[in-house]
Amino acid sequence: MLAPPRADPTEQVLQSRGGDDGQSGRHVKDVAMTVLLAVVMLATLAVLGWVLVYVAAQGLKYLGPTFFTQNPPGNPSQAGGGFENGIIGSLIIVGMATLFSVPIGVAAAVAIIEYGGRFAAATGFVADVLVGLPSIVIGAFVYVLWVTRFGFSGVAGSIALAIIMLPLIVRATAEMLRLVPVALREAAASLGISRARTIVSVVLPSARAGITTGVMLAVARAMGETAPLLLTALGNQLFVVTNPTKPISTLSLEIFNNAITGFQAAQARAWAGALTLILIVLILFVAARLIGWRLAVTRS
Amino acid sequence: MASPAAVSDLPTDHLRGRVGYADRLFKATMFAAAGIVLLVLLCTAAFLIDQGWPALRHYGFFSFLTSSRWAPSDATPKGTHPNPYGILQFAYGTAVTSLIGMVIALPVAVAVALFITEVAPAWMRRPLSYAVDLLAAIPSVVYGFWGIFALLPALHPIVNFLISTLGRIPGVGAVFAGPFFGVSYFAAGLVLAIMVLPIVTAIFREVFATTPIDEKEAARALGLTRWEMLRTALLPRSRSGIVGAGILGLGRAFGETIAVTMVIGNSVLAITTSIFGQGATMSSVIANEFTEAVEPFHLQSLFVVAFWLLVITFVVNVAGRLVVRRTRAGLA
Amino acid sequence: MRLKFSGVVAGALGLAVALAGCGSTSNVSSTTAAAPSGAANVSFGSANQKLCSSSVNTTPNYKNTIGTVSGGASAISGAGSTFAAPMYSDWASAYDKASGVAVAYASIGSGGGVAAIQAETLNFGDSDSGMTPADISAAKGGPILQIPLLLGAVVPTYNLPGIPAGLKFTGNVLGEIFAGKITNWDDPALKALNPGVKLPNMPIAVAHRSDGSGTTNIFTNYLTQTSPTWVSKLGGPSKSTGLTVAWPVGIGGKGNEGVSAVVGQTKGALGYLESDYAISEHLTYGQVENKSGNFIEPCIPSIIPAVDGVTFPPSLNTFLTNGSNANVYPIVGTTYALVYEHQTSRAIAAGLVNFFSWVLSTGQNSNASLYYAPLGSSLQALALAQLKKITVNGQPVAS
């Protein structure tokens, strides 16, 4: 590890930059910077730990089996009750949003990657931009599109979430389609198989795992969305609603509504809800990463 | 991350038979889906401006941007001047909270990305990136809730110290003036910093990973320490990528709603100069008032806010994407 | 696989195109629909304590002169005031036990309650401030009846460690605090009102509603009557009272729940809350000076006299603030159930008549359990008379 004792021009430049103490000074600086980077890394992990542990500690105080089988009490200051209405509502709304967004997102990615052209390229760029669109703006859009005509409803909420999921799915799918070897497509073409059939039975199946990962991450994102639902699904604090043309509550809305009250009973419910939501998101996240990881292993 | 190039026009295409009806229908379907993606963006802009139009026509297009007083109760069906729906303070709140967030998040993200890509042993890299990505998976409403109960109490001693030191400096002191009640621009900025950190870090990781390995090795072969290599070979090459990531992070911060609404204090009337004061952002005012907007032109004015928010985030995102894309193209 | 996939794609595309078409985007009214939302003992003022501990009849056993109408719906839904939400919750569960009829009530704020009934999205709305003729003319379903259901107090609530409940406020001091003129708890004006209390040198964190609120309407109406500073700061009496006002200072909370959260979490905070929200979260609240110059603690005996000497207009829509009785707490309001006079469904109409006639009779006996007061016999009779106006196809539902 000793530097060779010779007068290299680069070395001189570095020494003059490093100051009078030369080699040791440079290495001290190197170590100091490495330590600094490690400290920042640790601090970041500490914040993550702080959030997770705090939510878990607060949530576990109240979380129990009845949390999933009861609705919140009509008077928010009362103790007891759970978020059954929100959990079922989340499943309905996110489920419908997935049904809307996955076919469109995958198809759009097929147009972008498999067919190409200027229009497709523009779509790809717009999808990138859509990812950055504020969710509240999407909520306002769906309000005009749907709520002003048909009222607040689960359908409106699921359209808003579908728009949020759409660009995520387009991007994930496009990325996966690009990884499918061109040789596969060429082989199919040389057998005289039409392009549509090649895409449906060769290209998409080989990208399936990657697309699934992308969809799961998009679902995780949709699960936690709150702002656009305030303007679309509206919520129903009192009972389980399964009719998607009626206002429906979600887990995120229940957390929000209970969290912003001054009632300790309501806050206890909100913490339990927050823990539930984080667990759902975590499971989706880990499962998606596992699929992604297995994919990487099999490919390499 | 980027939309990858298409793999159309295979050299073997001529081997296929005539393109059939089903094939064309399939292609048309795929492009219709792509069209929906475009349509969403266009319709959003069109719908918002359409909804805001009565207010824009009533009060004048620019009157919203020249006033910082938002007082729906002052609105009457007839009166046009002064515009009771000034939105400058919301733009200010959005800008200030996002800037606070980025000032904190950018250096941290650079450090974290450098640590993961250049310092950490290989086995640690994947778990560390997952952990940072996990920060992005935690829902906004949870951050807001955690912010109220865990972050705000912890901030009090720090902020009171800042108020008694920085707050005493003539001039600049106004920015750090008390009193501090917890909910504030500063609290919102901190929460935003945590929320944009994983997004910005992910882009940095990608940008750093594109620096050719042989250049890094060459730098090390010259006898440079790791830090010198990072500073001379890696960071200068990544400069525009860092700028692009910063812009994209800013775009994300601009649009964040629920967490900010919960910790910013929801004061809508005027610009508060102190970062420890309460305010509102463009997104928080929409979330707060949208479903209860009963005063004349109230709802329409909220659509005006949403429209401007769309314009700002669109411009920022396009700029960020272009910069990041150029970096990538230059490195490829 | 192939067939299935393209089928799904085509189906979803058809739906999405139908949804996303940039078709007609106009004809959206500004009044849309509803929104989601949501004690300590007095240690000073002996005369006052005597007043609050005096026994009053809180179970008046008002007679239900309407009785139960047959053919009522088994479920009705409403939304609105957060001020009255705890009471609705109590009434609904008792009524469910008594009659088997489910009444769903969502606590979304009075602004939302008015919007909901105007848009006919629910069977009834509820607001703490009556609807103006303009509000009613904007309703889809014609004239709206306003039925007062309870009397309640809006109380100044504060978070001052070490200071007990019962701090004295005048209307003008409250007005100056909410106008941003008094900014610290050791202000001479507050000290003069509260000799012997060690008020801390602590900035006042003003807490107010961020949504449209009848509680705000009641509170600002009192400030407008008593504080010239408040009125001039807000730019005149028309702007200084309402469901929303342009708050010069403070932290906004959504609903009574949200304001109680801000007060509970912020040291030095002063907000205004419906008394049940303050009491159930053990927040401390003060006494307020009434028209006769007495400082009065909010409690049922001091709320009941609020209707004394009030002449109600035919709509029953009026303010009950700053009452003339010497022992009345000055910031009192009611909440109005909002019901269409001309109903389209006989079952819903009968359900509404049955529920509200029960609330106005048997239901009044439980008001006191949540620190609301019963209406008083004269206002109760006027309220029942409103219910008798409800018709279906021109035929009155209650006879």
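Sequence order as written defines the numbering, with residues in each chain counted from 1. Just so you know, chain letters begin at A and ligand numbers begin at 1, following the order they were written in. Confidence filtering applies because this is a predicted model: local features only for residues at pLDDT of at least 70, side-chain atom pairs given and counted only at 80 or more, and all residues used for totals across whole chains, interfaces and linings.

Undergrad: Any chance you could break down the overall build of chain C for me, citing the residues and the numbers?
TA: Here a strand is any run of E in DSSP of at least two residues, a helix any run of H or I of at least four, and the numbering for each starts at the N terminus. In terms of helices and strands, chain C carries 14 helices and 15 strands. Here a residue counts as buried when 20 or more other C-beta atoms sit within 10 Å of its C-beta, as exposed when there are 12 or fewer, and as partly exposed otherwise, the C-beta atoms being derived from the backbone. For chain C, the proportion of its 399 residues judged to be buried stands at 58%.

Undergrad: Go over the packing of helix H3 (residues 84-115) of chain A against helix H9 (residues 208-224) of chain A, please, and point to the residues and values.
TA: Residues and elements named next belong to chain A. Close contact between H3 and H9 brings their axes to 10 Å; oriented N to C, the two are set at 140°. As judged from the angle between their axes, H3 and H9 are oblique. Between H3 and H9 lies a crossing whose hand is right-handed. Facing H3, whose interface residues are Ser 90, Val 94, Ala 97, Thr 98, Val 102 and Val 106, H9 presents Ile 211, Val 215, Val 219, Ala 222 and Met 223. Between the N-to-C directions of two axes lies an angle of 0 to 180 degrees, each axis being a line fitted to C-alpha atoms and, for a helix, fitted only over the stretch in contact. Convention used here: angles under 35 degrees read as roughly parallel, angles over 145 as roughly antiparallel, angles from 65 to 115 as roughly perpendicular, and any remaining angle as oblique. Note on convention: the crossing is left-handed when the near helix lies turned anticlockwise from the far helix by less than a right angle, right-handed when the turn is clockwise. Contact criterion: two residues are in contact if their C-beta atoms, reconstructed from the backbone, are within 7 Å.

Undergrad: Pulling in residues and values, what's your account of the sheet that holds strand E10 (residues 287-289) of chain C?
TA: Residues and elements named next belong to chain C. Each pair of strands is called paired provided DSSP finds at least two bridges between the two strands. Across the sheet, 3 strands lie side by side as E5-E10-E11; this open sheet has mixed pairing. The open sheet terminates on both sides in strands that have one partner only, identified here as strand E5 (168-169) and strand E11 (295-296). Examined bridge by bridge, E10 and E11 share 2 bridges and lie antiparallel to one another. In the sheet register, Glu 289 faces E11, and the bridge partner there is Phe 295.

Undergrad: Provide a residue-level description of the interface of chain B and chain A, including the pertinent values.
TA: Contact with chain B, which involves 82 residues of that partner, is made by 88 residues of chain A. With 19 residues, helix H1 (residues 21-59) of chain B is the largest single contributor of residues to the side of chain B that touches chain A. Gly is placed with the polar residues, together with every amino acid not listed as nonpolar (Ala, Val, Leu, Ile, Met, Phe, Trp, Tyr, Cys and Pro) or charged (Asp, Glu, Lys and Arg). When grouped by side-chain class, the residues that make up the side of chain B that touches chain A number 56 nonpolar, 18 polar and 8 charged.

Undergrad: Explain the confidence of the model for chain B residue by residue, including any values.
TA: One rule of thumb: low pLDDT means the predicted coordinates there are not for detailed reading. Chain-level statistics for chain B give a pLDDT mean of 88 and a share of 92% at 70 or above. A score from 0 to 100, pLDDT tells how confident the predictor is in each residue. Between residues 1-5 of chain B, whose pLDDT stays under 50, and residues either more than four places distant or in other chains, the model counts 15 contacts.

Undergrad: Report on the domain arrangement of chain C, specifying residues and quantitative values.
TA: All names here are of chain C. In terms of domain boundaries, chain C breaks down into domain 1 (7-56 + 153-307) and domain 2 (75-152 + 333-396). At the interface, 30 residues of domain 1 touch 31 residues of domain 2. Of the residues forming the side of domain 1 that touches domain 2, the biggest block, 4 residues, is contributed by helix H8 (residues 214-226). A breakdown of the residues in the side of domain 1 that touches domain 2 according to their chemical character gives 14 nonpolar, 12 polar and 4 charged. Just so you know, the domain bounds were taken from an automatic or database domain assignment.

Undergrad: Help me get a handle on the sheet that holds strand E15 (residues 395-396) of chain C, residues and values and all.
TA: The strands making up a sheet associate through hydrogen bonds between their backbones, and the pairing can be parallel or antiparallel. All names here are of chain C. Spatially, 3 strands are ordered E13-E14-E15 in an open sheet, and the strand pairing comes out mixed. The open sheet has two free edges, formed respectively by strand E13 (342-343) and E15, since each of these has just one partner strand. In this structure, strand E14 (residues 391-392) lies alongside E15, joined through 2 bridges in antiparallel fashion. Its bridge partner being in E15, Thr 391 is matched across the sheet by Pro 396.

Undergrad: Any details on the packing of helix H3 (residues 88-119) of chain B against helix H9 (residues 239-255) of chain B? Residues and values, ideally.
TA: Residues and elements named next belong to chain B. Running from N to C, H3 and H9 point in directions that differ by 140°, and their axes come no closer than 9 Å. Overall, the two elements H3 and H9 adopt an arrangement that is oblique. Considering how the two elements wind past one another, H3 and H9 form a crossing that is right-handed. For the pair H3 and H9, contact is made by Thr 94, Ser 98, Gly 101, Met 102, Ala 105, Leu 106 and Val 110 and by Ile 242, Gly 246, Gly 249, Leu 250, Ala 253 and Phe 254, respectively. Among the residues making up the contact of H3 with H9, the classes are represented as 8 nonpolar, 5 polar and no charged.

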